[in-house]
Each structure stands twice: as structure tokens, then as C-alpha cells.
Amino acid sequence: MDRIRLVGGNPLNGEIPISGAKNAALPLMIASLLTDESLVLLNVPRLADVKQLERILENHGVDIAVHGRRRGDAAMDGQRITFTAADIVDTTAPYDLVSKMRASFWVIGPLLAREGEARVSLPGGCAIGTRPVDFYLDGLRALGAEIEIDGGYVVARAPGGRLRGATVHFPKVSVGATHVVMMAASLAEGTTIIENAAREPEVGNLADCLVAMGAKITGIGTDRLEIEGVDRLGGATHEVLPDRIETGTYAMAAAMTGGEVFLRGARPELLQAALDTLARTGTTITPETGGIRISRNGNGLSATDISTEPFPGFPTDLQAQFMALMTRADGVSTISETIFENRFMHVAELLRFGANIQVEGQTAKVTGVPELRGAQVMATDLRASVSLVIAGLAARGETVVNRIYHLDRGFERLEEKLSLCGAEIERIAG
Ligand code: EPZ
């Protein structure tokens, strides 16, 4: 299994291109199931999760043509991929495919809306909490679906072959449930209102794509979406928005090591809360044309508290990286995780660097230490893994991050992007 070896201590200086967002690309790819015409996606990142979803979509009969360069090529530009679901050949999403990635469960929405039936394995994904699917099922039931659980599968049917518009109120903000109900409602008969909808930029990116395909959606970017169902959707060409989590991760890496990095293609409005927080730590954030400049020269890091929140709050997907940063801050910071109940698995690994962290329930108290020391660590989930890289970049001596397949799920060419900015980092195969 591949590992990453790094030697800490170098400041980061240079430019990092930001890839298309994994969490936007995945639902956009799934939206291709809604139409028999071609959906062309631009700026698709080269990631293991994208490959995995391609396999799942192919199983349903989607024809996939990649026009951009593949992983391993020199260029860092995103891929252009055409998805054509002329015929859905199978409405079952099997366990062995779905169990690897939670987002693959989302095919249930388009399959049910277009084919009137779907049989989808209950999902897997990062082990960061129980991550139930009750909001999805209640939402689809509100649209008229009949649903039963059979042998680990969700079996859903639309009576008469078509879903009906309804009002869906989510008890808690859910990105995935918003994606699924919005896609399903686009082809339902009548109007659907989604209340307490997720406002994450990736939801807006999907909604804009659905509109380009002919859907009638208003309230995009707000917590109340109104979707007037249409009889059919058509093809479109749509761009995946830049990855705000990748942006925030490299911003925190630069804040950690010091130096000056330009994050090319990053858009500040996608992660304003995280950038404001970073500014409070003493990092300089300068939005510029075509990207964001991050610098920290000489001055120390101030301890800063955060609580994760749905967008536009501080994202849970940046919590682990921020905790890594705070291990070196002057003073004590408090980090509260409010979205997932088991998202502190990086703590045990950060302690191996000599960090001082105490966890009580959903809150971690991080007391900054003057120095981290390199260590052998284990990647546990996607964002936790990259927090270990950030710690390693600032640690004295050598760090080896094991089990890095998680990183490949969500970070394109991580070691290449960091080494171009002066980090001593390499992948060790085998
Ligand atoms: C998406 O997951 C992201 N994944 C996650 O990123 C991200 O952490 C999360 O949103 C929150 O921003 C993708 O976009 C592929 P939720 P999702 O439904 O949609 C509870 C990463 O590292 N809930 O918004 O699965 C749930 O347990 C990943 O890229 C229910 O209780 O998250 C959680 O506490 C990790 N019942 C909360 O809602 C449900 O039916 C929010 O989860 C659905 C969710």
C-alpha cells in the first residue's frame, strides 16, 4: 500500500492550482442519469472517487467518454467528460460498488425519477459517524415513493411510474438529501418545495446544472428551493466549481509552514468563514484576480476557536486541517464538531507528533506546543489524512503517512502540488 514520506520544516512558496471540487463533481455526474442526452462536465478532478462513481454509472448503462488528460499526465487542468445515459440498463446499485463511497447512494434520486424504480444498497463511506439515510427516504416518500428495506437494499418504487411534487422539510441540513430530493423533484409531476435545504456551493452548482438541463428551480443558494417538475430533461455542458476544501487545506498548510502561496482558481466566497478564521490566526489572506494569496511571514499563529456549521459556517471538512494548524498556535483553542459525531479520529494521530489535545464529547481543546516531531501515522478518513500531512509539513524530522488511499479519493496530485512549493514530500509505492 502506498505511503507518503515527508520531512518538515520548509516554508511553502509558489503557486498551487485548485482542482474541480470532488463534492460537486460527484452529484453532477449522477445528474447524467436524469436524461437520455449527453451531459458534458468540465473541470472534473482526477480522483479515485470519480473513477469509482464512473464504474457505478457504467453499471447503470451510462456511456462515459473522457476528453481531458488522465492522472499521470503533466498538465494540471481538469478533465472534460461526457456522460450519456441513453438507456438505463439496470436500476440496481449493488453493495460491492456502493459500499465504497457514500455519495453513490445518491443515484437513487435520478433512477427513481426517470425509471420509476430503484434498488440501491445502503451506503458506506468515511467512518465519521452513523450517517443514516432517513432524510432521503422521508423526502422520497413525501414525493410518493413506496420504500422498503430488503437485504441491505433500499427498494423504492414510484406508483404509476412517476413521483409527485410535495413539500419536504428536512429536520437538519443535509447536503446529500438536498441533492437527491432536488434531482428527483426535477422530473416529478407538480411542484416541490424543499425547506431547510443545504446551501453548500455544491448544491448550487448542481441546481445550476439541472436548470441548464431544463429543470425549473428557484431559490438557488437559499434554504428554500422550489422545483417545478418537467416531463423530461435534456443535455448540457456544465463546469465543476473549484474545490473549496482543497483551497482551505492548502491555505492552512501555508499558514502552518509560513511562506507565501497563490491558490490559482480558488474563489474566496466559497469559503469565507474559513478564510476569516485563518485571518484571525494571524495569516494574511489576499483575494486577487484569479485566486487567493495566503502568506504568513515570521509572526506566530494565534489560537482561534471554531465550531463547524453548515454553509456558510466553518465547514466540517476543514475541521481536522484546522486542528492540525492549532497544534502549533500560541495558546489554547477550542474546536467543536457539530455535524458528525465521530470526526475526531485524527486526534490520536496528531498526538503522535507531540500535540497536546484533549477531547470531551464533541469538543477538542488544543493547547499549542512549540514544536511537533515527525512520526509514523495512519490515515483514517479523507480529511483526517490530509491533516496529518499538514502536521508533518511543520514537524521536525521525518513523517510517514500510511494508508493514503483515502487521500487519493479527494486530493488530486497532493504530493506534486506541495513539492512544487518547496515541500519535501514523496509517495512511496508498495
Ligand atoms: C456531504 O456528506 C459531503 N460529502 C461530506 O464530505 C461533508 O462532510 C458533508 O456533506 C457535510 O458538509 C459529499 O458531498 C460527497 P450530510 P453528506 O447529509 O451529504 C445527518 C468529504 O470528506 N443525516 O450533509 O453525507 C448526518 O449524519 C465528505 O468529502 C441524517 O441524520 O452529509 C450528519 O450528521 C465527508 N440523516 C448531517 O446530517 C440523513 O438521512 C449532515 O450530513 C442524512 C444526513
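Rules used throughout
- Chains are numbered independently. Their residues run from 1 in the order of the written sequence.
- The predicted nature of this model means local features are confined to residues of pLDDT at least 70 and side-chain atom pairs, given and counted, to a pLDDT of 80 or more, with totals for whole chains, interfaces and linings taken over all residues.
- In computing side-chain properties, one takes all heavy atoms of the structure into account and sets aside hydrogens as well as water.
- The method works on a 1 Å grid over the protein atoms by themselves. A cavity is a set of points holding a 1.4 Å probe that cannot get out, a pocket is an open set with protein on both sides within 12 Å along at least five of seven lines, and residues with an atom within 4 Å of a point line them.
- Grid points are joined across faces, edges and corners, and a volume is the space filled by probe spheres set on the points.
- As a working rule, the residues Ala, Val, Leu, Ile, Met, Phe, Trp, Tyr, Cys and Pro are called nonpolar, Asp, Glu, Lys and Arg charged, and the rest polar, with Gly in that last group.
- Runs of H or I in DSSP of at least four residues are treated as helices and runs of E of at least two as strands, each being numbered from the N terminus.
- Here the term buried applies to any residue with accessible area under 20% of the maximum for its type, exposed to any over 50%, and partly exposed to those in between, with areas from a 1.4 Å probe on protein chains only.
- Residue contacts follow a heavy-atom distance rule, with two residues in contact if any of their heavy atoms lie within 4.5 Å.
- Any N or O atom pair separated by 3.5 Å or less is treated as a polar contact, with the protein-specific requirement of one donor-capable and one acceptor-capable atom, and with residues adjacent in sequence counted only for side-chain atom pairs.
- Between any two strands, at least two bridges found by DSSP are needed for them to pair.
- Lines fitted to the C-alpha atoms define the axes, with helices restricted to the stretch that makes contact. Angles between their N-to-C directions range from 0 to 180 degrees.
- We define a nonpolar core as any set of buried Ala, Val, Leu, Ile, Met, Phe, Trp, Tyr and Cys residues linked to one another through side-chain atoms lying within 4.5 Å.
- Think of it this way: one heavy atom of a residue within 4 Å of a molecule or strand is enough to make that residue near it.
- Here the accessible surface of atoms and residues is derived via Shrake-Rupley with a 1.4 Å probe, and residues count as covered only by protein chains that are part of the display.
- Handedness of a crossover is defined as follows: orient the strands so they point away from the viewer, and if the path from the first strand over the helix to the second runs clockwise, the crossover is right-handed.

Caption draft 1: Main features of the layout of surface pockets. In this structure, the second largest pocket occupies an estimated 220 Å³ of space. Residue lining of the second largest pocket: 18 residues in total, with I18, S19, G20, N43 and G265 positioned closest to the centre. The residue inventory of the lining of the second largest pocket, partitioned by class, reads eight nonpolar, five polar and five charged.

Caption draft 2: Spatial organisation of the environment of S104. Residue placement: S104 occurs in the loop between helix 3 (95–98) and helix 4 (108–115). Under the relative-accessibility criterion, S104 is labelled buried at 0%. Along the primary structure S104 and Y153 are separated by 49 residues, whereas in three dimensions their C-alpha atoms are 13 Å apart. Not counting the four nearest positions on each side in its chain, S104 is found in contact with L53, I56, L97 and V98. A polar atom in the side chain of S104 sits 3.3 Å from the backbone oxygen of V98. Within the local environment of S104, its side chain forms a polar contact with the backbone oxygen of M101, the two atoms lying 2.4 Å apart.

Caption draft 3: Just helix 1 (residues 22–31), in detail. A large share of helix 1 lies buried, amounting to nine of its 10 residues. Three or more residues of helix 1 are buried, namely K22, A24, A25, L26, P27, L28, M29, I30 and A31.

Caption draft 4: Seen up close, unusual backbone geometry. Each neighbour pair has its own omega, and for F311 with P312 the value is 10°, a cis peptide bond. Looking at the secondary structure, you find P312 in the loop between strand 18 (306–307) and helix 10 (319–326). Even without being glycine, N196 reaches a positive phi, approximately 60°. Checked against the element boundaries, N196 lands in the loop between strand 11 (191–195) and helix 7 (201–212). Classification of N196 as partly exposed rests on a relative accessible area of 22%.

Caption draft 5: Region of interest: the sheet that holds strand 7 (residues 117–121). Taken in spatial order, the four strands make up an open sheet running 6-7-9-8, and their pairing is mixed. For this open sheet the edge positions go to strand 6 (92–93) and strand 8 (146–150), each flanked by a neighbour on one side alone. One ladder, built from two bridges, connects strand 6 with strand 7; its direction is parallel. Opposite A93, over in strand 7, you have V120 as the bridge partner. Running at roughly 160° to strand 7, helix 4 makes contact with strand 7 and strand 9 (153–157) of the sheet.

Caption draft 6: Quick look at the side chain of T84. Tracing the chain through its elements places T84 in strand 5 (residues 79–84). A polar atom in the side chain of T84 sits 2.7 Å from the side chain of S38. If near-sequence neighbours (up to four positions away) are discounted, T84 is found in contact with D36, E37, S38, G61, V62 and D63.

Caption draft 7: Structural context of the nonpolar core. Counting residues in each nonpolar core, the largest one holds 81 residues, and the members touching the most others are L34, L57, V107, I108, L163, M182 and L210. Here L57 is in contact with M29, I30, S32, L33, V62, I64, F83 and V107, once residues within four sequence places are set aside. L6, M326, F344 and V389 belong to the second largest nonpolar core, which has 63 residues in total.

Caption draft 8: Geometry of empty space enclosed by the protein. For the structure shown, the criterion picks out two cavities of 30 Å³ or more. Volume-wise, the largest cavity comes out at about 40 Å³. Every residue lining the largest cavity is listed: A21, K22, N23, E202, D243, R244, I245, D317 and R383. Those elements that provide at least two residues to the lining of the largest cavity are helix 1 and helix 8 (244–257).

Caption draft 9: Geometry of the site of the ligand. In the vicinity of the ligand, 24 residues are found, and the nearest of them are D134, S174, D317, I339 and R383. Between F135 and the ligand, the recorded distance is 2.7 Å, taken from a backbone N or O atom to an oxygen atom. At 3.4 Å, a side-chain N or O of R343 approaches an oxygen atom of the ligand. Taking 830 Å² as the accessible area of the ligand by itself, protein coverage stands at 92%. Sorting the residues of the shell around the ligand by element identifies helix 1, helix 5 (134–142), helix 6 (175–186) and helix 12 (382–394) as the ones contributing at least two each. The leading source of residues in the shell around the ligand is helix 5, at three residues. For the shell around the ligand, the per-class residue count stands at 12 nonpolar, four polar and eight charged.

Caption draft 10: Geometry of the pairing of strand 11. Sheet topology places strand 10 (residues 167–169) next to strand 11; three bridges connect them, and they run parallel. By the bridge assignment for strand 11, T167 is matched with I193. Remark: the strand 10/helix 6/strand 11 crossover connection has right-handed handedness.

Caption draft 11: Expanded view of the pairing of strand 20 (residues 356–360). Sheet topology places strand 20 next to strand 21 (residues 363–367); five bridges connect them, and they run antiparallel. Among the inter-strand pairings, N356 is bridged to a residue of strand 21, identified as T367. In this antiparallel pair of consecutive strands, strand 20 and strand 21, the connection spans two residues, and G361 shows a positive phi of 60°.

Caption draft 12: Just the sheet that holds strand 12 (residues 216–218), in detail. Spatially, the four strands line up as an open sheet ordered 10-11-13-12, and their pairing is mixed. Every other strand in the sheet has two partners, leaving strand 10 and strand 12 as the edge strands with one partner each. For this sheet, the mean angle separating the axes of adjacent strands, direction not counted, is 15°. Two strands pair when backbone bridges link them, and strand 11 and strand 13 (residues 224–228) are joined in this way by five bridges, in the antiparallel orientation. From the neighbouring strand, I194 faces strand 13, where its bridge partner is L225. The sheet strands contacting helix 6 are strand 10, strand 11, strand 12 and strand 13, and the helix crosses strand 13 at an angle near 25°.

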